[in-house]
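Listed here are the chains, written in short residue letters.
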Amino acid sequence: QEQLVQSGGGWVQPGGSLRLSCVASGDTFNGYAMGWFRQAPGKEREFVAAVWWSADLHYYGDSVTGRFKISKDNAKNTGYLQMNSLRPEDTAVYYCAAAKSVITIKDGASDYWGQGTQVTVSS
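In this report, the structure presented in the accompanying data block is examined. (Residues numbered from 1 in each chain as written. Predicted model: local features only at pLDDT ≥ 70, side-chain atom pairs only at ≥ 80, totals over all residues. Heavy atoms only, no water.)

1. Details of the packing of aromatic side chains
This is how it is decided: Any two rings among Phe, Tyr and Trp, with Trp reduced to its six-membered ring, count as a pair given centres within 6.5 Å; such a pair is stacked if its planes are under 30 degrees apart, edge-to-face if over 60, and tilted if neither. Strands are runs of DSSP state E lasting at least two residues, helices are runs of H or I lasting at least four, and both sets are numbered from the N terminus onward. Exposed residues in this analysis have more than 50% of their type's maximum accessible area, buried residues have under 20%, and partly exposed residues fall in between, with area computed by a 1.4 Å probe over protein chains only. For a lysine, the NZ atom is tested; for an arginine, the CZ atom; a charge sits over a ring if that atom is within 6 Å of the ring centre and within 35 degrees of the ring normal.
Scanning all chains against the criterion turns up three aromatic pairs. Taking 5.7 Å as the distance between ring centres and 75 degrees as the angle between the ring planes, the aromatic pair formed by Phe37 and Phe47 counts as edge-to-face. Of this pair, Phe37 sits in strand 4 (residues 33-39) while Phe47 sits in strand 5 (residues 46-51); the two residues are 10 residues apart in sequence, bridging distant segments of the chain. There is no split in this pair, since Phe37 and Phe47 are both buried. A connected cluster of aromatic rings, assembled from ring pairs, spans Phe37, Phe47 and Trp113. It is Arg45 that lies over the ring of Phe37; its NZ or CZ is 5.3 Å from the centre.

2. Here's the deal with the nonpolar core
Rules: Here, the term nonpolar core denotes a set of buried Ala, Val, Leu, Ile, Met, Phe, Trp, Tyr and Cys residues that are joined through side-chain atoms within 4.5 Å. Residues count as neighbours in contact if any of their non-hydrogen atoms are within 4.5 Å of one another.
Grouped together as the largest cluster of nonpolar side chains are 27 residues, with contacts concentrated most on Leu4, Trp36, Val48, Phe68, Leu81, Met83 and Tyr94. At the level of elements, strand 3 (18-25), strand 4, strand 5, strand 7 (68-73), strand 8 (78-83), strand 9 (92-99) and strand 11 (117-121) are the ones that each hand at least two residues to this core. Once residues within four sequence positions are removed from consideration, Tyr94 is found in contact with Gln6, Leu20, Phe37, Arg38, Val48, Phe68, Leu81, Met83, Gly116, Thr117 and Val119. Core analysis: the second largest hydrophobic core is formed by seven residues, Phe37, Phe47, Ala50 and Ile105 among them.

3. Section: the environment of Ser63
We apply this condition: Pairs of N or O atoms are called polar contacts if they sit within 3.5 Å, as long as, within protein, a hydrogen donor faces a hydrogen acceptor (for residues adjacent in sequence, only side-chain-to-side-chain pairs).
Within the fold, Ser63 resides in the loop between strand 6 (58-60) and strand 7. Distance in space between the C-alpha atoms of Ser63 and Val93 is 16 Å, their sequence separation being 30 residues. If sequence neighbours within four positions are ignored, Ser63 has contacts with Arg38, Glu46 and Arg87. Here the side chain of Ser63 touches Glu46 through a polar contact of 2.7 Å, side chain to side chain.

4. Notes on the state of the cysteines
Here is the rule we go by: For this text, the term disulfide refers to a pair of cysteine sulfurs within 2.5 Å.
One pass over the full model with this rule turns up one disulfide. At a sulfur-sulfur separation of 2.1 Å, the disulfide partner of Cys22 is Cys96. The sign of the 60 degrees torsion about the S-S bond sets the Cys22-Cys96 disulfide as right-handed. Of this pair, Cys22 sits in strand 3 while Cys96 sits in strand 9, and the two are 74 residues apart along the sequence. In this structure, Cys22 and Cys96 share a single accessibility class: buried.

The following block contains the structure:
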């Protein structure tokens, strides 16, 4: 069964760091791109980052550029989102997503989504 399973997240003070993980199970994901979205209460879902599975090309939303880093471990079928210099406005539920194309991910049209994980940044 193809699925994305997330881990990580939690609470951190402003300026701190967290890392999210997303494990893709199933052969469907070979060669897929992976990305991250977030949604804060009362706000629209926001694109955070994406990466091609087979190429080292990264894309970031404007609000996280320079602070967040997306990466992948093909051997483990796992994607990561390293979040540094976290701000209270980064508080949201974060979702990983997978699709054949980064364009599809950025459009929010991925067929596969993780279960979501809460990230809370506060003092």
